[in-house]
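Per-entry structural report
Listed below are the residues making up each chain.
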Amino acid sequence: MSELTKRAIQESFKKLLSNQPLDKITVKNITDDCGVNRNTFYYHYSDIYQLLEEIFLAEAQKSVDEMVIGQSWEEGLKRGLCFVKENKKLIYHVYNSLHRETIERYLYSVSLDFANKFIGNASKQLKLDVSDEDKKFIASFYKYAIVGIVLDWLEGGMKSEPDDLIAKMSSLLTGTLRTALENASKKETQI
């Protein structure tokens, strides 16, 4: 029952957030919409921002969990961008509020988890001996590159489709991961 209640609260919040800015939504709005009382809301969440964070973190984890070995980074990124595009109103209501960092944390979390998993898979497939420290550094580099481009896309109104954005990134990044892993592997063998 508890998970059903949490899901009802989350769905009501997402529905409200699709129609109005985050700063205009109250706990009362959410509880009235989903038919629970305030105590029930506060049993599950300390405030609206914890609820918001949980929704984005759950979506981020779902994207990472659905990534399969051998999947290209483009396919993984497309899943995350499609979520953003499909929930455009909701995203902009959060992004244009005082809690923009929630969106940025979501993007950084998805990008870093995805990059770590993808880099780990790539180094195994290429049979390269790369230290965990170097893998983390490479993942961090890609995280910042991807998030920067996605934030520019958000700022520009998400005018292009996720496939078009990914194609542009792919033309810049094709082959760079392999080169980065090979260079890091060479560094390890020189020690």
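Coordinates for the structure precede this section.
Residues numbered from 1 in each chain as written. Predicted model: local features only at pLDDT ≥ 70, side-chain atom pairs only at ≥ 80, totals over all residues. Heavy atoms only, no water.

**A look at empty space enclosed by the protein**
A complete count under the given rule lists 4 cavities of 30 Å³ or more for this structure. What the largest cavity holds in volume is close to 80 Å³. Those elements that provide at least two residues to the lining of the largest cavity are helix H5 (73-86), helix H7 (100-125) and helix H8 (132-155). When residues in the lining of the largest cavity are grouped by element, the largest group, 4 residues, is from H7. (1 Å grid on protein atoms, 1.4 Å probe; cavity = no way out; pocket = protein on both sides within 12 Å on 5 of 7 lines; lining within 4 Å. Points joined across faces, edges and corners; volume = space filled by probe spheres on them. Helix = DSSP H or I, 4+ residues; strand = E, 2+ residues; numbered from the N terminus.)

**Side note on the packing of H5 against H7**
One can describe the packing of H5 onto H7 by two numbers: an axis separation of 10 Å at closest approach and a directional angle of 165°. As the angle between them shows, H5 and H7 are arranged roughly antiparallel. Of the two possible hands of crossing, H5 and H7 adopt the one that is right-handed. Across the interface between the two elements, Trp-73, Gly-76, Leu-77, Gly-80, Phe-83 and Val-84 of H5 pack against Tyr-106, Phe-114 and Phe-118 of H7. A per-class count over the contact of H5 with H7 returns 7 nonpolar, 2 polar and no charged. (Axes fitted to C-alpha atoms, helices over the stretch in contact; angles between N-to-C directions. Parallel < 35°, antiparallel > 145°, perpendicular 65-115°, else oblique. Left-handed = near helix turned anticlockwise from the far one by under 90°. Contact = heavy atoms within 4.5 Å. Nonpolar A, V, L, I, M, F, W, Y, C, P; charged D, E, K, R; others polar.)

**Notes on the layout of surface pockets**
Computed from the structure, the second largest pocket encloses a volume of approximately 180 Å³. Elements with a contribution of two residues or more to the lining of the second largest pocket: helix H1 (2-19) and helix H4 (48-65). A breakdown of the residues in the lining of the second largest pocket according to their chemical character gives 3 nonpolar, 2 polar and 6 charged.

**Quick notes on the environment of Val-110**
Structurally, Val-110 is set in helix H7. On the basis of relative accessibility, which here comes to 12%, the residue Val-110 falls in the buried class. Each C-alpha atom, one on Val-110 and one on Gln-20, is 25 Å from the other, the two residues being 90 residues apart in sequence. (Buried < 20%, exposed > 50% of the residue type's maximum accessible area, 1.4 Å probe, protein only.)

**Here's the deal with the nonpolar core**
Formed by 53 residues in total, the largest nonpolar core has its most connected members in Phe-13, Ile-30, Phe-56, Ile-91 and Leu-154. Other than its neighbours up to four places away in sequence, Phe-56 contacts Phe-83, Leu-90, Ile-91, Val-94, Thr-102, Ile-103 and Tyr-106. (Core = buried A, V, L, I, M, F, W, Y, C linked by side-chain atoms within 4.5 Å.)

**Some points on the packing of aromatic side chains**
Applying the stated criterion across every chain yields a total of 4 aromatic pairs. With a centroid separation of 5.6 Å and an interplanar angle of 90°, the aromatic rings of Phe-141 and Tyr-142 are classed as edge-to-face. Here a set of aromatic residues connected by ring pairs shows up, and it is made of Phe-41, Tyr-42 and Tyr-45. In this arrangement the basic side chain of Arg-100 is found over the ring face of Tyr-95, its NZ or CZ atom lying 3.9 Å from the centre. (Phe/Tyr/Trp six-rings, centres within 6.5 Å; stacked < 30°, edge-to-face > 60°. Lys NZ or Arg CZ within 6 Å of the ring centre and 35° of its normal.)

**Re the pattern of salt bridges**
Going through the model one piece at a time under the given rule, you end up with 9 salt bridges. Two residues, Arg-105 and Glu-53, come together in a salt bridge whose shortest N-O distance is 2.6 Å. Taken together, the residues span a long stretch of sequence, with Arg-105 in helix H7 and Glu-53 in helix H4 at a distance of 52 residues. Of the charged contacts, one joins Lys-85 and Glu-161 as a salt bridge, the two residues approaching to 3.5 Å between their closest N and O atoms. Here Glu-161 lies in the loop between H8 and helix H9 (162-173) and Lys-85 lies in helix H5, a separation of 76 residues in the sequence. A residue is classified by how much of its surface remains accessible, and Glu-161, at 42% relative accessible area, is partly exposed. (Salt bridge = Lys/Arg side-chain N within 4 Å of Asp/Glu carboxyl O.)

**Digging into H5**
Over its 14 residues, H5 extends 20 Å from the first C-alpha to the last, a length consistent with the 20 Å expected when each residue adds 1.5 Å. Restricting attention to buried positions, one finds in H5 the residues Trp-73, Gly-76, Leu-77, Gly-80, Leu-81, Phe-83 and Val-84. When H5 is viewed along its axis, its buried side chains cluster within an angular range of 150° and face the same direction. (Expected span 1.5 Å × (residues − 1). Arc of directions from axis to C-beta.)

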